[in-house]
Every structure is written in structure tokens, then in C-alpha cells.
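# Residue-level structural notes
Chain by chain, the residues run as shown.
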Amino acid sequence: MNVIVQGQLINIFKTADFTNKETGEVKEGKVKLQLMCQTLLNNNERKNELFDITIPNNKLADYENKIGEQVDVKCSFFANGNITFFGI
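A quick note: this is a predicted structure, and the numbers were derived from the prediction, not measured.

### A word on the pattern of salt bridges
Opposite charge on two side chains makes pairing possible when the charged atoms of those side chains draw close. One pass over the structure, following the stated rule, counts one salt bridge. Residue Lys-14 is joined to Glu-28 by a salt bridge in which the shortest nitrogen-to-oxygen separation is 3.1 Å. In this pair, Lys-14 sits in strand 1 (residues 3-14) while Glu-28 sits in the loop between strand 3 (26-27) and strand 4 (31-40), placing the two residues 14 residues apart along the sequence.

Written as C-alpha cells, this is what we have:
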């Protein structure tokens, strides 16, 4: 299942490279978008939430010049207690 996460693009960052201690293999850090999303609560108040969404490196160019703007990010997700979104 895919979803569209909509929000204001606050920041783009790359996580640190990761070295597997057993194999010594170095994996490149991942690119993440930080989106500020608003949720309307039952009492009509609005709640702001910040989501970090991992995106493929080839999608970075789609977002680089959109900081401060409202964006739609096509995502998939998984839940393990918390919901984690990742761009596709």
C-alpha cells in the first residue's frame, strides 16, 4: 500500500555512513526529508508533527529547491510500534 504524505519541507539531510562491525562493509548514509505535517484533532485543534522520511538518492533533485514549500511525498510504510514512512 502506498500513501501520500503532505507537509511543509523543513530540511533535507543525509545520515552518517554506517560501518558493519562484523564485515567492515561501509554503507552510505541515507537521504531524509523532514516534513512538518498538521493533523486536525477531534476538538478542532491542530497538531504539528515532524516526520523524517527516507528517500532514494535519485529523488533528491525533486526536493532540493523546495525547502519551505508544501510538498507531496509518495511513500510506503511499516509499523513496529511506530509508523515509519519511506519515499518511493
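There is more to say, and it comes next.
### Digging into the pairing of strand 6 (residues 70-80)
Relative to strand 6, strand 1 runs antiparallel, the two being bridged by six bridges. Directly across from Ile-4, in strand 6, lies its bridge partner Lys-74. Adjacent in sequence and paired antiparallel, strand 6 and strand 7 (residues 82-87) are bridged by one residue, among which Gly-81 carries a positive phi angle near 90°.

### Quick look at the nonpolar core
In this structure, Val-5, Leu-33, Leu-35, Ile-53, Tyr-63 and Val-73 are the most contacted members of the largest nonpolar core, which totals 13 residues. Ranked by residue count, the leading element in this core is strand 4, at four residues. Beyond its immediate chain neighbours, meaning those up to four positions away, Leu-33 contacts Leu-9, Asn-11, Ile-12, Phe-51, Asp-52, Ile-53, Ile-55, Tyr-63 and Val-73.

### A short note on the environment of Val-73
In this fold, Val-73 is placed in strand 6. Relative accessible area serves as the criterion here: at 1%, Val-73 is assigned to the buried category. A sequence separation of 18 residues divides Val-73 from Ile-55, and the C-alpha atoms of the two residues are 9.0 Å apart. Leave out the neighbours within four places in its chain, and Val-73 touches Val-3, Ile-4, Val-5, Leu-33, Leu-35, Ile-53, Tyr-63 and Gly-87.

### Digging into the environment of Gly-7
Mapped onto the elements, Gly-7 comes out in strand 1. Gly-7 gets classed as buried once you look at its relative accessible area, which sits at 3%. The sequence separation of Gly-7 and Val-26 amounts to 19 residues, and the corresponding C-alpha distance is 33 Å. Those residues in contact with Gly-7 that lie beyond four places of it in its chain are Leu-35, Met-36, Cys-37, Glu-69, Gln-70 and Val-71.

Cut-off values and rules
Residues numbered from 1 in each chain as written. Predicted model: local features only at pLDDT ≥ 70, side-chain atom pairs only at ≥ 80, totals over all residues. Heavy atoms only, no water. Salt bridge = Lys/Arg side-chain N within 4 Å of Asp/Glu carboxyl O. Helix = DSSP H or I, 4+ residues; strand = E, 2+ residues; numbered from the N terminus. Pairing = 2+ DSSP bridges. Core = buried A, V, L, I, M, F, W, Y, C linked by side-chain atoms within 4.5 Å. Buried < 20%, exposed > 50% of the residue type's maximum accessible area, 1.4 Å probe, protein only. Contact = heavy atoms within 4.5 Å.

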